[in-house]
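Okay, here's what each chain looks like letter by letter:
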Amino acid sequence: MLNWVSRLWLVGSIWFAALAGLIATSVAMGATLSTSALLFVLGTAPVAVMVLIRAGAPSPTVAEILHAVNVDDRRR
């Protein structure tokens, strides 16, 4: 049924739909514009952090970390 939708798009759309619902509810309850803007910023901050982390270099594997260690078997 959802073969054409990737997991990332599905999670992202659910995330933003929930955020829009939260902001709409806060406006309906009489929240000020600054409160709604704060909710929007707090809701989009985790997504922005994930995008920034994903754009960086991939983390090294365990084998790469262990291979990079300089081993000196000589005892003093």
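Everything numeric in this text was worked out from a predicted model, so none of it was measured. (Residues numbered from 1 in each chain as written. Predicted model: local features only at pLDDT ≥ 70, side-chain atom pairs only at ≥ 80, totals over all residues. Heavy atoms only, no water.)

Got a sec to walk through the side chain of Ser 26? Specific residues and values, please.
When you line up the elements, Ser 26 lands in helix α1 (residues 7–28). You can call Ser 26 buried: its relative accessible area is 12%. Residues within four places of Ser 26 in sequence aside, it is in contact with Ala 31, Ser 36 and Leu 39. (Helix = DSSP H or I, 4+ residues; strand = E, 2+ residues; numbered from the N terminus. Buried < 20%, exposed > 50% of the residue type's maximum accessible area, 1.4 Å probe, protein only. Contact = heavy atoms within 4.5 Å.)

Outline the layout of surface pockets, supporting the account with residue identities and numerical values.
Of the volumes computed, that of the largest pocket is approximately 320 Å³. In this structure, the largest pocket is lined by Leu 8, Trp 9, Val 11, Gly 12, Ser 13, Trp 15, Phe 16, Val 47, Met 50, Val 51 and Arg 54. Elements with a contribution of two residues or more to the lining of the largest pocket: α1 and α2 (33–55). With seven residues, the top contributor of residues to the lining of the largest pocket is α1. When the residues that make up the lining of the largest pocket are grouped by side-chain class, the tally is eight nonpolar, two polar and one charged. (1 Å grid on protein atoms, 1.4 Å probe; cavity = no way out; pocket = protein on both sides within 12 Å on 5 of 7 lines; lining within 4 Å. Points joined across faces, edges and corners; volume = space filled by probe spheres on them. Nonpolar A, V, L, I, M, F, W, Y, C, P; charged D, E, K, R; others polar.)

Provide a residue-level description of α1, including the pertinent values.
Taking 1.5 Å of rise per residue, the 22 residues of α1 would be expected to cover 32 Å, and the 31 Å separating its terminal C-alpha atoms lies within 8% of that figure. For α1, every residue scored as buried is listed here: Leu 19, Ile 23 and Ser 26. Mapping the buried residues of α1 onto a view down its axis gives an arc of 60 degrees, with all of them on the same face. The exposed residues of α1 that point more than 90 degrees off its buried face are Arg 7, Trp 9, Ile 14, Ala 17, Ala 18 and Ala 28. Of the residues one or two after α1, Gly 30 is the one with positive phi, at around 95 degrees. (Expected span 1.5 Å × (residues − 1). Arc of directions from axis to C-beta.)

Please set out the packing of α1 against α2 residue by residue, giving values where relevant.
In the contact formed by α1 and α2, the axes pass within 8 Å of each other and the chain directions differ by 165 degrees. What the angle tells us is that α1 and α2 run roughly antiparallel. The two elements α1 and α2 cross, and the hand of that crossing is right-handed. Judged by residue contacts, Leu 8, Trp 15, Phe 16, Leu 19, Leu 22, Ile 23, Ser 26 and Val 27 of α1 engage Ser 36, Leu 39, Phe 40, Gly 43, Thr 44, Pro 46, Val 47 and Arg 54 from α2. For the contact of α1 with α2, the per-class residue count stands at eleven nonpolar, four polar and one charged. (Axes fitted to C-alpha atoms, helices over the stretch in contact; angles between N-to-C directions. Parallel < 35°, antiparallel > 145°, perpendicular 65-115°, else oblique. Left-handed = near helix turned anticlockwise from the far one by under 90°.)

So what about the side chain of Ser 36? Which residues, and what values?
Tracing the backbone through its elements, the reader meets Ser 36 in helix α2. In contact with Ser 36, not counting residues within four places along its chain, are Ile 23, Ser 26, Val 27 and Ala 31.

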